[in-house]
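One letter stands for each residue in the lines below.
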Amino acid sequence: MWQFEPTAKLTDFDLVPGLREAWSQMINNTYERNLYGTGPSSALNEVRRWNRSDRDLRVYNPASMPMPANSQLENVFWSALPTSFDEQFSSQREKLTFLDGRQPFPTDPSLITRIQDEYCEWVVTRNDQGEIIRVLFTSEPPEYYQFLHRRAPELLVDLYQRICDDTSITLNDLQDADGNYNWHNEFNNAYAVHMQQPNNTLGAQINIVSRACILRMKSDGTPITDDLGLILCAGYGDENRQSDPRIGGAVNSFARQNRFITIENPVGLYMSGIDWDGWTTPDGTPASTFWTVERGTDHADPNQAYIVRARFAVPADKGYSVSDIKIGGVNIAFGGHIAARINVRVGVLVSSPASLPPPRAIGCVDDTPVALPDDGGDLLAADNGRRSSPAPKPFNG
């Protein structure tokens, strides 16, 4: 029987009987909701509006469909340093100052949160002289901790105490006034226990992959194949990020090749490593020795790394701080200087091209759906050299 593993293959759930099974069921439910549910996030719902069906979807839930033989792991990579806010600032220093702080969330200014939006967040700790002594990075999804709050609150508290090295933390510290799990509790704010930017979630990841598999075309039948065009047409994720357009573009390219796709098990977004080229320390110690993976696993091959929590800090006996280390001749002054050297990845398993009829394209989310002809495979002009379809007739017309 298929089972979704805990994010990063973490073993916390082994401490409570039944947790692994419950987590697997939760991931399964998220897949089913985004692929076949009745809500607006459902991929099947959207293709049906255009007289299409599940035969036009190339993302599948591995818990409900056997994985095709010879499926291969393909990774999409991007930098942990956000680019979404670049146009707001006249200098890199202004931008990095902004990113290191907590900020109002653009669509809900009452929410003050970490604003880092590339599925990797960080917290900088400085000494009394303003020098950086530690930077904590996390790619852990909030769902992991929300799940523990609901199913194993004692384990949640124990995990917080271990990560924050503070045995005084209680369940009340992690909840809001209504007893709900608070993503923005003071300890997560201070120690980056998990991601808290509202869109840095596993749900967003599964939704993007599910909906990016749908082939798209303009109103004149011209296929849409570029990353930005696809995300604007389909309305998944955030077009201002590096990550979402790349993930969607990659998944859509596999679907256009008539390949079946599913997210790597365990589902998650992972730091894949850090580029140490050009780092110098005052005493010549390799800067890589100050990087500690605290949760998940590092690997020499970035395609196989499952890092969800890491710390960069200089031991006190070294007599210098993180701020004394240089990257490319420039002293580290912000967490963003390090984030710029971290890559994040998402892995998908991709089958060989299927022998089934290829999926058929639909229009964009803002278009008025029309009843497309049933032989719409001809719409796949991009990769197969086929021509676009005749002009569609009005839906229900």
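Residues numbered from 1 in each chain as written. Predicted model: local features only at pLDDT ≥ 70, side-chain atom pairs only at ≥ 80, totals over all residues. Heavy atoms only, no water.

Draft legend 1. The arrangement of the sheet that holds strand E14 (residues 330-331) in detail. Taken in spatial order, the three strands line up as E10-E13-E14 in an open sheet, and their pairing is antiparallel. The two strands at the open ends of the sheet, each matched to only one other strand, are strand E10 (279-280) and E14. Looking at chain direction, strand E13 (residues 326-327) and E14 are connected through two bridges and run antiparallel. Note on E14: the bridge partner recorded for Lys326 is Asn331. (Pairing = 2+ DSSP bridges. Helix = DSSP H or I, 4+ residues; strand = E, 2+ residues; numbered from the N terminus.)

Draft legend 2. Highlighting helix H5 (residues 153-164). Across its 12 residues, H5 extends 16 Å between first and last C-alpha, which sits within 8% of the 16 Å expected from 1.5 Å per residue. For H5, the set of buried residues is Leu155, Leu156, Val157, Leu159, Tyr160, Ile163 and Cys164. Tucked into the core, H5 has its buried residues touching helix H1 (19-36), helix H4 (142-151), helix H6 (186-191), strand E11 (291-297) and strand E12 (306-313). Asp165 sits one or two positions beyond H5 and adopts a positive phi of about 55°. (Expected span 1.5 Å × (residues − 1). Buried < 20%, exposed > 50% of the residue type's maximum accessible area, 1.4 Å probe, protein only. Contact = heavy atoms within 4.5 Å.)

Draft legend 3. View of the packing of H1 against helix H7 (residues 202-212). Taken N-terminus to C-terminus, the directions of H1 and H7 make an angle of 40°; their axes are 9 Å apart at the nearest point. In terms of orientation, H1 lies oblique with respect to H7. Once H1 is placed against H7, the crossing between them reads as right-handed. Taking contact as the criterion, the partners of Trp23, Ile27, Thr30, Tyr31, Asn34 and Leu35 in H1 are, on H7, Leu202, Gly203, Ile206, Asn207 and Ser210. Residue composition of the contact of H1 with H7, grouped by class: six nonpolar, five polar and no charged. (Axes fitted to C-alpha atoms, helices over the stretch in contact; angles between N-to-C directions. Parallel < 35°, antiparallel > 145°, perpendicular 65-115°, else oblique. Left-handed = near helix turned anticlockwise from the far one by under 90°. Nonpolar A, V, L, I, M, F, W, Y, C, P; charged D, E, K, R; others polar.)

Draft legend 4. Up close: the state of the cysteines. Under the defined criterion, the tally for this structure stands at one disulfide. Two residues share a disulfide in this structure: Cys233 and Cys364, whose sulfurs sit 2.1 Å from each other. An S-S torsion of about -105° defines the bridge between Cys233 and Cys364 as left-handed. Remark: Cys364 occurs in the loop between strand E15 (342-350) and strand E16 (370-371) and Cys233 occurs in helix H8 (residues 227-234); sequence separation between them is 131 residues. With respect to burial, Cys233 and Cys364 carry one shared label: buried. We note that Cys120 lacks a disulfide partner, and the nearest cysteine sulfur, in Cys164, lies 17 Å from it. (Disulfide = S-S within 2.5 Å.)

Draft legend 5. Layout of the packing of H8 against helix H9 (residues 243-256). Where H8 contacts H9, the two axes come as close as 8 Å, and the packing angle between them is 95°. Considering their axes alone, H8 and H9 lie roughly perpendicular with respect to each other. When H8 is examined against H9, the residues Asp227, Leu230 and Ile231 are found in contact with a partner set consisting of Asp244, Pro245, Arg246, Gly249, Asn252 and Arg256. Per-class residue counts for the contact of H8 with H9 are three nonpolar, two polar and four charged.

Draft legend 6. Summary view of the pairing of strand E3 (residues 108-114). With four bridges joining them, strand E2 (residues 102-105) and E3 adopt antiparallel strand pairing. Looking across to E3, one finds that Pro104 is bridged to Ile112. Between E2 and E3, which follow one another and run antiparallel, lie two residues.

Draft legend 7. Representation of unusual backbone geometry. For the peptide bond that leads from Asn265 to Pro266, omega is 15°, which places it in the cis range. Position of Pro266 relative to the elements: it lies in the loop between strand E8 (261-263) and strand E9 (270-274). You will see that Tyr119, though not glycine, has its phi angle at about 60°, which is positive. Inspection of the secondary structure assignment puts Tyr119 in the loop between E3 and strand E4 (121-126). Phi at Asp165 is positive, roughly 55°, even though this residue is not glycine. Along the chain, Asp165 falls in the loop between H5 and H6. Residue Asp165 is classed as exposed on the basis of its relative accessible area, which comes to 72%.

Draft legend 8. Geometry of the pattern of salt bridges. In total, this model carries 17 salt bridges according to the counting rule given. Between Glu294 and Arg309 there is a salt bridge whose closest N-O contact spans 3.0 Å. Placement of the pair is Glu294 in strand E11 and Arg309 in strand E12, with a sequence separation of 15 residues. For Glu294, the salt bridge goes to Arg311, with nearest N and O atoms at 2.6 Å. Separated by 17 residues along the polypeptide, Glu294 in strand E11 and Arg311 in strand E12 bring together distant segments of the chain. Glu294 sits in the partly exposed class, given a relative accessible area of 33%. (Salt bridge = Lys/Arg side-chain N within 4 Å of Asp/Glu carboxyl O.)

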